[in-house]
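# Results of the structural survey
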Amino acid sequence: CSGKGVYGLESTSLDVEMKHVSISGMRSSAFSVSDVSNSKVLAHGSRFEDCRNGLSLKGLASLDTTVTNSTIMRMSREGIYVKGLSRGLMHVRDSHVAMSGADGIFLSDRSNNLTVIIADTHIIDSSKSGLSFRPSASLNATVIGSTISGAILNGIYVGGVSHGSRIQVVNVQIMRVVRDGVHISEADDLAIVLQGSQISRCKKSGLAMFGTKGLT
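Residues numbered from 1 in each chain as written. Predicted model: local features only at pLDDT ≥ 70, side-chain atom pairs only at ≥ 80, totals over all residues. Heavy atoms only, no water.

### Here we look at a nonpolar patch on the surface
Together, L194, I199, L207 and M209 give the surface a local cluster of nonpolar side chains, amounting to about 320 Å² of exposed area. Along the chain, M209 falls in strand β27 (residues 207–210). (Patch = residues over 30% accessible without salt bridge, like charges linked within 9 Å, V, L, I, M, F, W, Y side chains within 5 Å. Areas by Shrake-Rupley, 256 points an atom, 1.4 Å probe, with all protein chains shown as cover. Salt bridge = Lys/Arg side-chain N within 4 Å of Asp/Glu carboxyl O. Helix = DSSP H or I, 4+ residues; strand = E, 2+ residues; numbered from the N terminus.)

Written as structure tokens, this is what we have:
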């Protein structure tokens, strides 16, 4: 089962704080929220190990999630999995996401008006991409002062992002990835900023762009 799970509170506001919590060995997620209208989740100083996902956040109308000084490692799938959000904020700071069985952090289909800040965080040895932005509209993402290394696919993958989205990669080290450091495909009306970052030891391209429209 999940370590902690909350489901289907359609008209309820959820406020959860996990401070210095350790969850391990779950066959599902360490912490899962699904189909809750308004959700606020804080994980501080916590450790999630050997589960399917560290955090699984799906089908939420409004999300405010902060992960600080935490470790998420050895997940069989994604370290952090986000899908189907209407609006919200996800902030990951001073944390480690390591040895994920898929993407380290995965932001997925039908997430709109989402702000993502990933700061001073290490995303290491992901079996897919370190950080993956899948089809989303009006996404505003900032990755700053972080390290992404050892990904089997791409350091950062951006696919199908549209409608005035903006991604900033500032003072980030991307290294030792099997494919591309930053891979952008099928994006429409996207602005991407690479500033003060280092992309090295990629087996394909440092920066790869395919099938984009309205890319700045």
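Back to the text.
### A closer look at the sheet that holds strand β20 (residues 147–149)
Taken in spatial order, the 8 strands line up as β3-β6-β9-β12-β16-β20-β23-β26 in an open sheet, and their pairing is parallel. Edge positions in the sheet fall to β3 (22–24) and β26 (198–202), since each has one partner strand and no second. In this sheet, neighbouring strand axes are inclined to one another by 5° on average, regardless of whether the strands run parallel or antiparallel. With 3 bridges connecting them, strand β9 (residues 71–73) and strand β12 (residues 96–98) associate as parallel partners. Residue pairing across strands places M73 opposite A98, the latter belonging to β12. (Pairing = 2+ DSSP bridges. Axes fitted to C-alpha atoms, helices over the stretch in contact; angles between N-to-C directions.)

### Points about unusual backbone geometry
Working note: non-glycine residues mostly have negative phi, and peptide bonds are mostly trans. Within the chain, D94 stands out as a residue other than glycine whose phi angle is a positive 55°. Relative to the elements of secondary structure, D94 occurs in the loop between β11 (87–93) and β12. Among the residues examined, D94 registers a relative accessible area of 36% and is labelled partly exposed. Of note in this structure, R176 is not a glycine but carries a positive phi near 55°. Looking at the secondary structure, you find R176 in strand β23 (residues 173–177). For R176, a relative accessible area of 35% gives the class partly exposed. (Buried < 20%, exposed > 50% of the residue type's maximum accessible area, 1.4 Å probe, protein only.)

### Regarding the nonpolar core
Soluble globular proteins tend to bury their nonpolar side chains together. Counting 53 residues, the largest nonpolar core has M18, I105, L107, L131, F133, I156 and I167 as the members making the most contacts within it. Contacts of L131, omitting those with residues within four sequence positions, involve I105, L107, I118, V143, I148, G155, I156 and Y157. (Core = buried A, V, L, I, M, F, W, Y, C linked by side-chain atoms within 4.5 Å. Contact = heavy atoms within 4.5 Å.)

### Points about the pairing of β23
As defined by bridge partners, β20 adjoins β23 across 3 bridges and the pair is classed as parallel. When the sheet's bridge partners are listed, S149 is paired in β23 with M175. Alignment of β23 against β26, held across 4 bridges, turns out to be parallel. Looking at the pairing, Q173 lines up with Q198 of β26.

### A few points about the pattern of salt bridges
Tallying each qualifying case throughout the model produces 6 salt bridges. Here K19 ties to E17 by a salt bridge, and the two come within 3.6 Å at their closest N and O atoms. In this structure, the salt-bridge partner of D50 is R74, at a minimum N-O distance of 2.9 Å. Residue D50 is found in the loop between β6 (47–49) and β7 (55–58), and its partner R74 is found in the loop between β9 and β10 (80–83); the two are separated by 24 residues along the sequence. A relative accessible area of 34% places D50 in the partly exposed class. Through salt bridges with shared partners, one network takes in R47, E49, D50 and R74.

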